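Breakdown of the fold
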Amino acid sequence: MENISAEQFVAILKDAREAKDWTGAFDMIPYFKFLGMRLETENDRFVSVLPGDKKFIGNPVLPALHGGVIGAFLESAALVHLFATQDVTRVPKIINITVEYLRSAKPVETYAEAVITKPGRRVANLRVEAWQGDRNKPVAAAHANFLVS
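Residues numbered from 1 in each chain as written. Predicted model: local features only at pLDDT ≥ 70, side-chain atom pairs only at ≥ 80, totals over all residues. Heavy atoms only, no water.

We now examine the pattern of salt bridges. In this structure the tally under the stated criterion is seven salt bridges. Taking the shortest distance from any N to any O, the salt bridge between glutamate 18 and lysine 14 comes out at 3.9 Å. Linking glutamate 18 with lysine 14, this pair stays in helix α1 (residues 6-19), spanning four residues, or about one helical turn. A residue is classified by how much of its surface remains accessible, and glutamate 18, at 56% relative accessible area, is exposed. Two residues, glutamate 100 and arginine 127, come together in a salt bridge whose shortest N-O distance is 3.6 Å. (Salt bridge = Lys/Arg side-chain N within 4 Å of Asp/Glu carboxyl O. Helix = DSSP H or I, 4+ residues; strand = E, 2+ residues; numbered from the N terminus. Buried < 20%, exposed > 50% of the residue type's maximum accessible area, 1.4 Å probe, protein only.)

Quick look at the structure:
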């Protein structure tokens, strides 16, 4: 996708929120397309989905997803949550992220949900958890801070 203006960006996010269709918003960010991410919505919950794909395997012996893919997915899920729940006027910039790898993640469909732990005018703090199959057994979690203003 070519460069878009801030106004176009805000309009695309607004349309996505209203239609509950995030395809256009995800198309703005080529990395989301590379990951094959999609968003499932239920009530006011937003769950990001990473498809199971062999290209994400980092350890072929187990096999297990590459840690970088998991970290990128957690960061992306946090960003998507900000898109869906906050009135952003540009892509929030990551300040920092701390990823906790809790168990090996198989190359199967992986889910992540973010929660804003502290919204702010300039900085938003989020907690993200990723799981496969059983939500009570997360494969990874992260704390992230984004510059939102």
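To continue, consider the pairing of strand β2 (residues 45-50). Across the six residues that make up β2, a large majority, five, are buried. Where strand β1 (residues 38-42) hands over to β2, the hairpin turn is made up of two residues, of which asparagine 43 adopts a positive phi near 55°. Pairing analysis gives four bridges linking β2 to strand β6 (residues 110-118), with the strands arranged antiparallel. In the strand pairing of β6, leucine 50 is matched with threonine 110. (Pairing = 2+ DSSP bridges.)

Let us look at the nonpolar core. Core analysis: the biggest nonpolar cluster contains 42 residues, and Trp22 and Phe83 have the highest contact counts within it. Considering every element that reaches this core, the biggest residue donor is helix α4 (residues 67-85), with eleven residues. Setting aside residues up to four positions removed in sequence, phenylalanine 83 forms contacts with Phe9, Leu13, Arg17, Trp22, Ile29, Phe32, Val88, Val91 and Pro92. (Core = buried A, V, L, I, M, F, W, Y, C linked by side-chain atoms within 4.5 Å. Contact = heavy atoms within 4.5 Å.)

Further remarks concern the side chain of threonine 110. The residue threonine 110 is located in strand β6 in this model. At a separation of 2.9 Å, a polar atom in the side chain of threonine 110 contacts the side chain of glutamine 132. When residues no more than four places from it in sequence are discounted, the contact partners of threonine 110 are Ser48, Val49, Leu50, Leu65, Phe73, Ala130, Trp131 and Gln132. (Polar contact = N/O pair within 3.5 Å; in protein donor to acceptor, adjacent residues only side chain to side chain.)

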